[in-house]
Amino acid sequence: MAETQEQTGNRVAYVCSRCAGNIPAADRLWLKPVFCIGQVSAGQILQLIAQGAEQVLVIGCPAENCRHERGPEIARSQVAIARGLLELLGFDRTAVGYFNGDDELKNSVALEFFSPVKKEEMEQEEAAQPASFAVPADFTAAEFVCLDCGRCSGICPVARTGLGFSPRRLIKQALTAGKELSSRAVYSCLGCDLCTTVCPSGKSISRTVQRLRVIAFNNRVQPALAHSGVMQMVGRIMARGTRKQRRSGWISPELKVTDQGDTALFTGCLPYFDVLFGELGINSVPTVRNAVRCLNQVGIVPVVLDDERCCGHDLLWLGDVSSARRLAEHNLVQLHNAGVRRVIFLCPECQYTFQYDYPQLAGKTGLELMHISQVLEAGGFQPGASGAAKRRVTYHDPCRLGRQLGIYEPPRRLITAIPDVELREMGHNRQQALCCGGTSWLECGAAVKLLQERRLAEARAVDAELLVTACTKCEIHLRCALTRTALRPVPIINLIDLIAGGDKIGSVEQR
């Protein structure tokens, strides 16, 4: 059996342990038994693909025989999510499938589409180590003069939850451990840089934490990955670069785009968010369509790259530098080949990564980088009235866009240009704005959930009818928090959807 699996290592099957012994042609599969098939997540499926598997089967009991009742139902939903993401990534539908181990698989349909890739190739991919990324040989007290101060721990939103994290303690631990750093605490930092607003030395602890995570990743520290790591796996599959994506199907006939020009719209992972977060009301594809419409109104026909890939932000903040570098190099080649000199971003994290990380990963970009709110304001974009009663809205500053890129006013000026909108500021805004709790899809625990609820409470405190943000990931995190609260919900909308057409965007609650 072991010899056969070694020869056909890409034929991977998650299988319920109760029916593992009844699978036809089991010697043609690399079996991975699980207690219940409902435990298998879309992230686990994509992880196998990222490691080199060409096809993944999920094999469970008939629904009426499942000892956990909903195992097959849950497994089928996770397979559907994985399949939707993989199709965007350029894979065929046959890359992943769910089968009833007792009857569906007897038809051998599942065994018809395999092609050989050796198991050891997958294991080598899994064991690959990241390259270094601006990590000093050691850490000295001189570099962290803030150790005597502690103001960062006093203002850190995670530390103030009372759940045991302290930036000061983390830096002290890094000084002691050096290259041997192996604490999961390094992944508790949000990277929000609120601490920079009180730091006398002007240090960005989040940039230090980013470097420390490279060390932790090299030491095989395993943080908790949100959503079973599915977004990290999407990035790694893109970094492998083996397939051309099918990510531009959102371009409808009325949109004016081009494949060559001096200005590009970088869409990031928006098409993938719709597949993964549809149950939250996330409709990122309509948002990116609205972005193109707004740009067209100010005379810009943007380049939209057919094979643009993830910017690498989340992998880099995990510590996986080699994958992030491959993504950076690919994106810059694509942009330069298209003649692009200016890149417009919808996602603040993408813009931040291009501005601060790409020069270290792939050299100087030679590109002008702008957020879409800056471009629309400079182009004289005029939002129209919705025709509805005057609405009270509040604006949430994304950490990357505000504190870290310094872009506060363009989104606000676009909002206040809408005739029937009243902008009310939350108690913490601009430089002091609270984080949505986003952590690059890492360690989404009790502290993060508490922070999300605090931010929503601030929106309620100003009696806002809409909470507007210029970051889709902030929108996802805050919408997720709405599913857990029994308090009055605050509908959340992307800035672009708000300004794109008023009543044309439909009911915000139904998005």
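Placed above this text is the structure.
A brief report on the enclosed structure follows. (Residues numbered from 1 in each chain as written. Predicted model: local features only at pLDDT ≥ 70, side-chain atom pairs only at ≥ 80, totals over all residues. Heavy atoms only, no water.)

Brief notes about the overall build of the chain
- When helices and strands are tallied, the chain shows 19 helices and 11 strands.
- The proportion of buried residues among the 511 residues of the chain is 59%.
- For the chain, long-range pairs separated by at least 24 residues make up 79% of all intrachain contacts whose partners lie at least 6 apart in sequence.
- About 20100 Å² of surface is accessible on the chain, with carbon and sulfur atoms providing 49% of the total. (Helix = DSSP H or I, 4+ residues; strand = E, 2+ residues; numbered from the N terminus. Buried < 20%, exposed > 50% of the residue type's maximum accessible area, 1.4 Å probe, protein only. Contact = heavy atoms within 4.5 Å. Areas by Shrake-Rupley, 256 points an atom, 1.4 Å probe, with all protein chains shown as cover.)

Description of the nonpolar core
- Among the nonpolar cores identified, the biggest contains 111 residues, and L46 and F354 are the most heavily contacted of them.
- Discounting chain neighbours no more than four positions away, the residues touching F354 are F266, C311, N331, L332, L335, F345, P359, T365, L367 and L369.
- Within the second largest apolar cluster, 31 residues are counted, among which are I155, C195, A216 and A447. (Core = buried A, V, L, I, M, F, W, Y, C linked by side-chain atoms within 4.5 Å.)

Side note on the sheet that holds strand β10 (residues 466-469)
- The strand order β9-β8-β10-β11 describes an open sheet built from 4 strands, whose pairing is parallel. In the strand order of this sheet, the two ends are held by β9 (421-423) and β11 (492-494), each with one partner. Each strand axis lies, on average, 35° off the axis of its neighbour in the sheet, ignoring direction.
- The pairing of strand β8 (residues 391-396) with β10 spans 4 bridges and is classified as parallel. Its bridge partner lying in β10, T394 is registered against L467.
- In this fold helix α17 (residues 446-461) packs onto β8, β10 and β11, with an angle of close to 150° to the strand it touches most, β8. (Pairing = 2+ DSSP bridges. Axes fitted to C-alpha atoms, helices over the stretch in contact; angles between N-to-C directions.)

Structural notes on the side chain of S322
- If you trace the backbone, S322 turns up in helix α12 (residues 321-337).
- Within the structure, the side chain of S322 is placed 3.4 Å from the side chain of D320, a separation counted as a polar contact. (Polar contact = N/O pair within 3.5 Å; in protein donor to acceptor, adjacent residues only side chain to side chain.)

Thoughts on the packing of helix α2 (residues 42-50) against helix α8 (residues 230-240)
- Orientation of α2 relative to α8, taken along the N-to-C sense of each, is 20°, at an axis distance of 8 Å. The angle between the axes of α2 and α8 places the two elements in the roughly parallel class. Crossing hand, α2 versus α8: left-handed. Within the contact between the two elements, α2 uses A42, G43, L46, Q47, I49 and A50 and α8 uses V230, M233, V234, R236, I237 and R240.
- Here the contact of α2 with α8 is built from residues that sort into 8 nonpolar, 2 polar and 2 charged. (Parallel < 35°, antiparallel > 145°, perpendicular 65-115°, else oblique. Left-handed = near helix turned anticlockwise from the far one by under 90°. Nonpolar A, V, L, I, M, F, W, Y, C, P; charged D, E, K, R; others polar.)

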